[in-house]
Amino acid sequence: MEITEVKLLTIIAEAVLEPQLIEVVEEKGAGGYTITDARGSGSRGVRSAGWTHNGNIRLEVICTSDVADDIAACLRERYYADYAMVLFVTDVGVLRPDKF
Amino acid sequence: MEITEVKLLTIIAEAVLEPQLIEVVEEKGAGGYTITDARGSGSRGVRSAGWTHNGNIRLEVICTSDVADDIAACLRERYYADYAMVLFVTDVGVLRPDKF
Amino acid sequence: MEITEVKLLTIIAEAVLEPQLIEVVEEKGAGGYTITDARGSGSRGVRSAGWTHNGNIRLEVICTSDVADDIAACLRERYYADYAMVLFVTDVGVLRPDKF
C-alpha cells in the first residue's frame, strides 16, 4: 500500500463561521474538506473570557504543510480576535495520494 | 498509563456506502468502528471530474497496520473507481489495548 | 506559524455517559472539549461479551500529556468495567497555543 505523508488540519469553530471557513480553505488551494457538526466548551476569542456551549463545527482538510500554514495564517488574522476557534495539525498517511 | 501504538484508519466516503464499508471492516478483522455523519466537498471517483457536497460519513477503525492495509486494499479495488473516498492513517496510542 | 506539540485525547463512549465524561474532563483541568455524535460497534465493557450498535459520542480534548493521563486513569477506574469505551491519544501540533 503506497502511503504519502501529508497534514490533516482540523479546525473547530463556531458554526456561524462555516461559509467563511470554506471560502478560506478553497481559496488557499485545498482539494476538499469534511465537516461534522459538534458541540463543546472552550474559551471564546482572545478578547473575551466568556465560555460557550453552542453549535460548533469540526472542519478537516487534508493538505500539504504549506497549505495548512496558509489557511491557519489567514484564519488567525481574520477571526482569532473575535471567534472561538481551535486549529491543530496531525501527521497522517494518505492512501490515495492522487487526490490531493 | 500503558499505551499500545496502533493505527487509526479514517475513511471518508459517500453515505450510501455505509453498509458496504462496515462489511469490509468486519470481514478484515477490525474489532469495532465508529461512524459520524459528515458533509464536504472533494473530487468524486477517479472516473469523474465532478464535485459533490452530499451526505458523507466518516468511519474510524482502530486496528493493526496489517488490518488497515487489508481494508484499504479491498476498498480501493471495489470502490475507488466509482465513488468519492478518502482514506488516511494516523499513529495513535490506545489506552485500553486489551480491546483490539 | 508557531506550533506547540500537545496531545489530542479522543474518547469514544456510550452517549449516556456524556455528563460524567464532561465532569471528569473539566475536573482534570482540560481547557475545553469537543463532542460529536457517533454510532458504531465494539465490545461492551470488560464484564460483558455483548456488542452494541447504539448511540455513542466522540469527545475530543486537547491537553498536555499529564492531563490526558489523569483523565484516562479516572475514566478507567470509574467506567471501564461497565461501559463500552475506547480512548486513544494522538500527537498534534496546535496553532493557537495560548488557549490551552
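Numbering of residues starts from 1 in every chain and runs along the sequence as written. All chains are assigned letters beginning at A, and all ligands numbers beginning at 1, according to the order in which they are written. Per-residue local features of the predicted model are confined to residues with pLDDT of at least 70, and side-chain atom pairs are confined, for both listing and counting, to 80 or more; whole-chain, interface and lining totals are unaffected and use all residues. The basis for the side-chain values is all heavy atoms of the structure; hydrogens and waters are excluded.

J.: Run through the overall build of chain A, naming residues and quoting values.
T.: Secondary structure assignment for chain A yields two helices and five strands. With a 1.4 Å probe rolled over the protein chains alone, any residue whose accessible area is under 20% of its type maximum counts as buried; one over 50% counts as exposed, and the rest are partly exposed. By the burial criterion, 55% of the 100 residues in chain A qualify as buried. Contacts between residues were defined by any pair of non-hydrogen atoms, one from each residue, lying within 4.5 Å. A fraction of 74% describes how many contacts in chain A between residues 6 or more apart in sequence connect residues 24 or more apart. Every accessible area reported is derived by Shrake-Rupley at a probe size of 1.4 Å, with residue values counting cover from the shown protein chains alone. When the accessible surface of chain A is summed, it comes to about 4,200 Å², and 46% of that surface belongs to carbon and sulfur atoms. In this description a helix means any DSSP run of H or I spanning at least four residues, a strand means any run of E spanning at least two, and both kinds are numbered starting from the N terminus.

J.: Tell me what's going on with the packing of aromatic side chains, and back it up with residues and numbers.
T.: Where two aromatic rings form a pair, the distance of their centres and the angle of their planes describe that pair. All names here are of chain C. By convention, a stacked pair of Phe, Tyr or Trp rings (six-membered ring in the case of Trp) has centres within 6.5 Å and planes under 30 degrees apart, an edge-to-face pair has planes over 60 apart, and any other such pair is tilted. Throughout the structure, instances matching the rule amount to three aromatic pairs over all chains. Between the aromatic rings of Tyr79 and Tyr83, the centroid separation amounts to 5.8 Å while the plane-to-plane angle is 75 degrees, which identifies the pairing as edge-to-face. Assessed through its relative accessible area of 11%, Tyr79 is described here as buried.

J.: Could you give me a rundown of the relation of the copies chain B and chain A, with the residues and numbers involved?
T.: The fit set for superposing copies consists of C-alpha atoms from residues with pLDDT of at least 70 in both; the fit itself is least squares. Screw-axis analysis of chain B against chain A gives a translation of 0.0 Å along the axis, an RMSD of 0.0 Å, and a rotation angle of 120 degrees. Such a turn and shift between the copies fits a three-fold axis. When the interface residues of chain B are mapped onto chain A, a mere 14% of them again fall at the interface, so the copies present different faces.

J.: Please set out the relation of the copies chain B and chain C residue by residue, giving values where relevant.
T.: Expressed as a screw transformation, the operator carrying chain B onto chain C has a rotation angle of 120 degrees and an axial translation of 0.0 Å, and the superposed copies differ by an RMSD of 0.0 Å. Mapped onto chain C, only 17% of the interface residues of chain B are again interface residues, and the two copies thus contact each other with different surfaces.

J.: Account for the interface of chain B and chain A, naming residues and giving values.
T.: With 28 residues of chain B at the interface, the matching set in chain A holds 24 residues. Between chain B and chain A, roughly 2,000 Å² of surface is buried when both sides are summed, and carbon and sulfur atoms account for 52% of that area. By salt bridge we mean one thing: a side-chain nitrogen of Lys or Arg within 4 Å of a carboxyl oxygen of Asp or Glu. At the boundary of chain B with chain A, the tally comes to three salt bridges. B:Arg39 is the salt-bridge partner of A:Glu18, the closest N and O atoms lying 2.6 Å from each other. Any pair of nitrogen or oxygen atoms within 3.5 Å is treated as a polar contact; in protein, a donor-acceptor pairing is required on top of that, and neighbouring residues in sequence qualify only through side-chain atoms on both sides. If you look at where chain B meets chain A, you find seven residue pairs in polar contact (both at pLDDT 80 or more). Two parts lose some accessible area (1.4 Å probe) when they are put together, and adding that loss for both gives the buried area.

J.: Talk me through the packing of helix α1 (residues 18-27) of chain A against helix α2 (residues 65-79) of chain A; I want residue IDs and the actual numbers.
T.: All names here are of chain A. As a packed pair, α1 and α2 sit with axes 9 Å apart at the nearest point and diverge in direction by 145 degrees. Handedness of the crossing formed by α1 with α2: right-handed. Packed against α1, whose contacting residues are Gln20, Leu21, Val24, Val25 and Glu27, the element α2 presents Ile71, Cys74, Leu75, Arg78 and Tyr79 at the interface. Residues belonging to the contact of α1 with α2 are distributed by class as follows: seven nonpolar, one polar and two charged. For helices, the axis comes from a line fit to the C-alpha atoms of the stretch in contact; other axes are also lines fit to C-alpha atoms, and the angle between any two N-to-C directions lies between 0 and 180 degrees. Should the near helix be turned anticlockwise from the far one by less than a right angle, the crossing is termed left-handed; should it be turned clockwise, right-handed. Basically, the charged four are Asp, Glu, Lys and Arg, the nonpolar ten are Ala, Val, Leu, Ile, Met, Phe, Trp, Tyr, Cys and Pro, and anything else, Gly included, counts as polar.

J.: Give me the pattern of salt bridges: which residues, what numbers.
T.: This model, assessed by the stated rule, comprises 21 salt bridges over all chains. Between C:Arg58 and B:Glu60 there is a salt bridge, with the nearest N and O atoms lying 2.6 Å from each other. Of the two residues, C:Arg58 is situated in strand β4 (residues 55-63) and B:Glu60 in strand β4 (residues 55-63); the pairing between them involves two chains. In terms of burial, C:Arg58 and B:Glu60 fall into one category: buried. Within this structure, A:Arg58, A:Glu60, B:Arg58, B:Glu60, C:Arg58 and C:Glu60 form a network of salt bridges that share partners.

J.: Lay out the pairing of strand β1 (residues 4-14) of chain C in plain terms, naming residues and giving numbers.
T.: Residue and element names in this part refer to chain C. Here β1 lies mainly inside the structure; eight of its eleven residues are buried. Between any two strands, pairing holds if DSSP finds at least two bridges. Bridge count between β1 and strand β5 (residues 85-94): ten bridges; the pairing is antiparallel. Paired with Ile11 across the bridge in β5 is Leu87. Relative to β4, β1 is paired through eight bridges, and the arrangement is antiparallel. Along β4, the bridge assignment pairs Lys7 with Cys63.

J.: With reference to specific residues and values, describe the confidence of the model for chain A.
T.: Of all residues in chain A, 82% attain a pLDDT of 70 or more, and the chain-wide mean is 86. As scored by the predictor, the complex reaches a pTM of 0.89 and an ipTM of 0.86. One number per residue, pLDDT, summarises how confident the predictor is, and it ranges from 0 to 100.

J.: Any chance you could break down helix α1 (residues 18-27) of chain C for me, citing the residues and the numbers?
T.: Residue and element names in this part refer to chain C. Of all the positions in α1, only Glu18, Leu21, Ile22, Val24 and Val25 are classed as buried. In a view along the axis of α1, the buried residues occupy a sector of 165 degrees, so they form one face of it. After α1 finishes, the residue Gly29 shows a positive phi value of roughly 100 degrees. Directions drawn from the helix axis to the C-beta atoms are what define this arc.

J.: Lay out the interface of chain B and chain C in plain terms, naming residues and giving numbers.
T.: Taken together, the contact between chain B and chain C spans 24 residues of the former and 28 residues of the latter. Where chain B packs against chain C, one counts three salt bridges. In this assembly, chain B and chain C are joined by seven residue pairs in polar contact (both at pLDDT 80 or more). When contributions to the side of chain B that touches chain C are tallied by element, the ones reaching two or more residues are β2 (33-43), β4 and β5 (85-94) of chain B. By residue class, the composition of the side of chain B that touches chain C is ten nonpolar, six polar and eight charged. Both β5(B) and β5(C) contribute to a ladder of two bridges, which runs antiparallel. Of the residues in β5(C), the one forming a bridge with B:Gly93 is C:Val89.

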